[in-house]
Amino acid sequence: MVERQPHIQCRPGDVAPFVLLPGDPGRIDAIAAQLDRWEQIACNREYRTITGTFRGMPVSATSTGIGGPSTAIAVEELIRVGARVLIRVGSAGALQPGIRVGDLLVAVGAVREEGASAMYVPPAYPAVSDHAVLAALLKAAGDLGVTAHAGLVRSHDSFYTDREDELTRFWAGKGVLGSDMETATLLTLARLRGARAASVLNVVVPADGGLEEGINDLVAGKEAARQGETAEIQVALQALHALWTEESG
């Protein structure tokens with residue numbers, strides 16, 4: 001019998017097959033506001049979990065904290081207790097001009113420049129979204145009239161490395177749309193474990209903006225970033241609902 005998981009503190013039956021993964025525990029409240037009903041299941045360390053319904057679909061949300069290691073722990077434990085489809089709803093800095101604060105990035109795949117996924121499989125293994133989940137996200141964005149850019153993102157491990165400007169320029173030159181810290185870990189690990197995953201990211205820093213300024217704008221609730229956060233949650237929920245409806249027949 002599967003026991004209560006040590007970090008997320010959930011057992012089988014606590015978590016729906018369809019799960020949203022924000023990084024910030026505070027974003028759980030924004031997700032809850034979009035649900036028909038919900039209850040908090042557990043709150044331990046950076047991991048806060050709720051389960052409820054969206055238009056009749058059972059759905060959960062678990063915060064993963066910052067970075068690949070904490071994300072890997074959440075994904076491992078969620079899959080053990082029944083999660084099957086996981087969508088990250090996070091934030092990102094843009095690397096390409098023309099991508100605005102509040103736009104969404106839908107990750108087709110991710111550059112694995114974080115360390116967590118490398119503990120599982122060599123760097124040659126690709127971090128790619130499940131095609132059906134990816135397609136559902138793009139359709140939902142289109143149906144909702146949300147600006148979404150589909151392409152590659154880069155996941156990394158440090159905001160403050162001395163080489164950040166150099167690395168940003170390099171990956172921007174390769175056509176990467178934006179950067180976060182968790183997507184590559186999620187996509188790699190979910191595929192290794194037989195789950196389906198994708199990632200939709202709210203842009204909080206434009207390509208010509210400052211990292212700390214952008215993060216502070218998100219914390220302060222600046223309008224474009226706030227709208228982007230709401231939009232990514234709505235897009236993810238609608239995508240999951242479409243997948244659930246298709247499975248339910």
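Here the structure is a predicted model, which is why all the values come from computation and not from measurement.

Draft legend 1. Representation of the packing of helix 3 (residues 131–144) against helix 7 (residues 223–248) in the model. Two numbers describe how helix 3 lies on helix 7: the axes approach to 8 Å, and their chain directions differ by 120°. Classed by the angle they form, the pair helix 3 and helix 7 counts as oblique. Of the two elements, helix 3 crosses helix 7, and the hand of that crossing is right-handed. Listed contacts from helix 7 to A132, V133, A136, L137, A140, A141, D143 and L144 of helix 3 are Q234, V235, A236, Q238, A239 and L243. Of the residues contributing to the contact of helix 3 with helix 7, the split by class is 11 nonpolar, two polar and one charged.

Draft legend 2. Molecular detail of the environment of V203. Looking at the secondary structure, you find V203 in strand 10 (residues 196–205). For V203, a relative accessible area of 0% gives the class buried. Separated by 45 residues in sequence, V203 and S158 have C-alpha atoms that sit 18 Å apart. Once residues within four sequence positions are removed from consideration, V203 is found in contact with A92, A94, I99, R100, V101, G102, D103 and L105.

Draft legend 3. Here's a closer look at the pairing of strand 1 (residues 18–21). Burial of strand 1 is two-sided: the residues F18 and L20 facing one way and the residues V19 and L21 facing the other way are all buried. Strand direction decides the pairing type here: strand 1 and strand 5 (residues 85–94), joined by four bridges, are parallel. Of the residues in strand 5, the one forming a bridge with L20 is I87. For strand 1 and strand 4 (residues 57–62), the ladder comprises two bridges, and the chain directions are parallel.

Draft legend 4. Inspection of the pattern of salt bridges at higher detail. Applying the stated criterion to the full structure yields 14 salt bridges. Between E229 and R27 there is a salt bridge; the shortest N-O distance is 3.1 Å. Here E229, found in helix 7, pairs with R27, found in helix 1 (residues 27–32); they are 202 residues apart in sequence, far enough to count as distant. Of the two residues, E229 and R27, neither departs from the other in class, the shared state being buried.

Draft legend 5. Structural view of unusual backbone geometry. In this structure, R45 takes a positive phi of about 55° despite not being glycine. Its place among the elements puts R45 in the loop between strand 2 (37–44) and strand 3 (47–54). Unusually for a residue other than glycine, R55 sits at a positive phi of about 50°. Checked against the element boundaries, R55 lands in the loop between strand 3 and strand 4.

Draft legend 6. Examining the pairing of strand 5 more closely. Across the 10 residues that make up strand 5, a large majority, nine, are buried. Direction of pairing for strand 5 relative to strand 10: parallel, over a ladder of nine bridges. Residue pairing in the sheet places S91 in a bridge with N202 of strand 10. The pairing of strand 5 with strand 9 (residues 178–180) spans two bridges and is classified as antiparallel. Residue pairing across strands places G93 opposite S179, the latter belonging to strand 9.

Scoring rules and cut-offs
Residues numbered from 1 in each chain as written. Predicted model: local features only at pLDDT ≥ 70, side-chain atom pairs only at ≥ 80, totals over all residues. Heavy atoms only, no water. Axes fitted to C-alpha atoms, helices over the stretch in contact; angles between N-to-C directions. Helix = DSSP H or I, 4+ residues; strand = E, 2+ residues; numbered from the N terminus. Parallel < 35°, antiparallel > 145°, perpendicular 65-115°, else oblique. Left-handed = near helix turned anticlockwise from the far one by under 90°. Contact = heavy atoms within 4.5 Å. Nonpolar A, V, L, I, M, F, W, Y, C, P; charged D, E, K, R; others polar. Buried < 20%, exposed > 50% of the residue type's maximum accessible area, 1.4 Å probe, protein only. Pairing = 2+ DSSP bridges. Salt bridge = Lys/Arg side-chain N within 4 Å of Asp/Glu carboxyl O.

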